[in-house]
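Reading the structure
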Amino acid sequence: ITFTYDDALVALLTHKSYSRTYGARNLRRTIQKELEDAIASRIIDSWQHPVARLDAASDGEQLVLSAL
């Protein structure tokens, strides 16, 4: 599976994970919750037509995941 992402997604994930108290320590948890869970669901749901490529992007407020 080929995975690509854009800079807008990186900006969204870092923005969502940042807090004044903890800095960017929540980044790993945010990546798991926002990105890895969506990817896993997409792969599992496409078992009849396996995914060969995943593109992750951001529309400014949320994750946009497309599979080919």
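The coordinates are above.
Notes on the structure follow. Computed from a predicted structure; not experimentally measured. (Residues numbered from 1 in each chain as written. Predicted model: local features only at pLDDT ≥ 70, side-chain atom pairs only at ≥ 80, totals over all residues. Heavy atoms only, no water.)

**Brief notes about the sheet that holds strand β1 (residues 2–5)**
Spatial strand order, β1-β2-β3: three strands in an open sheet with mixed pairing. Strands with a single pairing partner mark the edges of an open sheet, and in this sheet they are β1 and β3 (63–67). When the angles between neighbouring strand axes are averaged without regard to direction, this sheet yields 15°. Across four bridges, β1 lies against strand β2 (residues 53–58) in parallel orientation. The residue of β2 that forms the bridge with T2 is R53. Where helix α2 (residues 27–45) meets the sheet, it contacts β1, β2 and β3, and its direction lies at approximately 30° from that of β3. (Pairing = 2+ DSSP bridges. Helix = DSSP H or I, 4+ residues; strand = E, 2+ residues; numbered from the N terminus. Axes fitted to C-alpha atoms, helices over the stretch in contact; angles between N-to-C directions. Contact = heavy atoms within 4.5 Å.)

**Description of the packing of helix α1 (residues 7–17) against α2**
Interhelical geometry of α1 versus α2 gives an angle of 120° and a closest axis separation of 9 Å. Between α1 and α2, the interaxial angle falls into the category oblique. The handedness of the crossing between α1 and α2 comes out as right-handed. Where α1 abuts α2, its residues L9, L13, T14, K16 and S17 lie against L27, T30, I31, E34 and L35. Of the residues that constitute the contact of α1 with α2, the class distribution is five nonpolar, three polar and two charged. (Parallel < 35°, antiparallel > 145°, perpendicular 65-115°, else oblique. Left-handed = near helix turned anticlockwise from the far one by under 90°. Nonpolar A, V, L, I, M, F, W, Y, C, P; charged D, E, K, R; others polar.)

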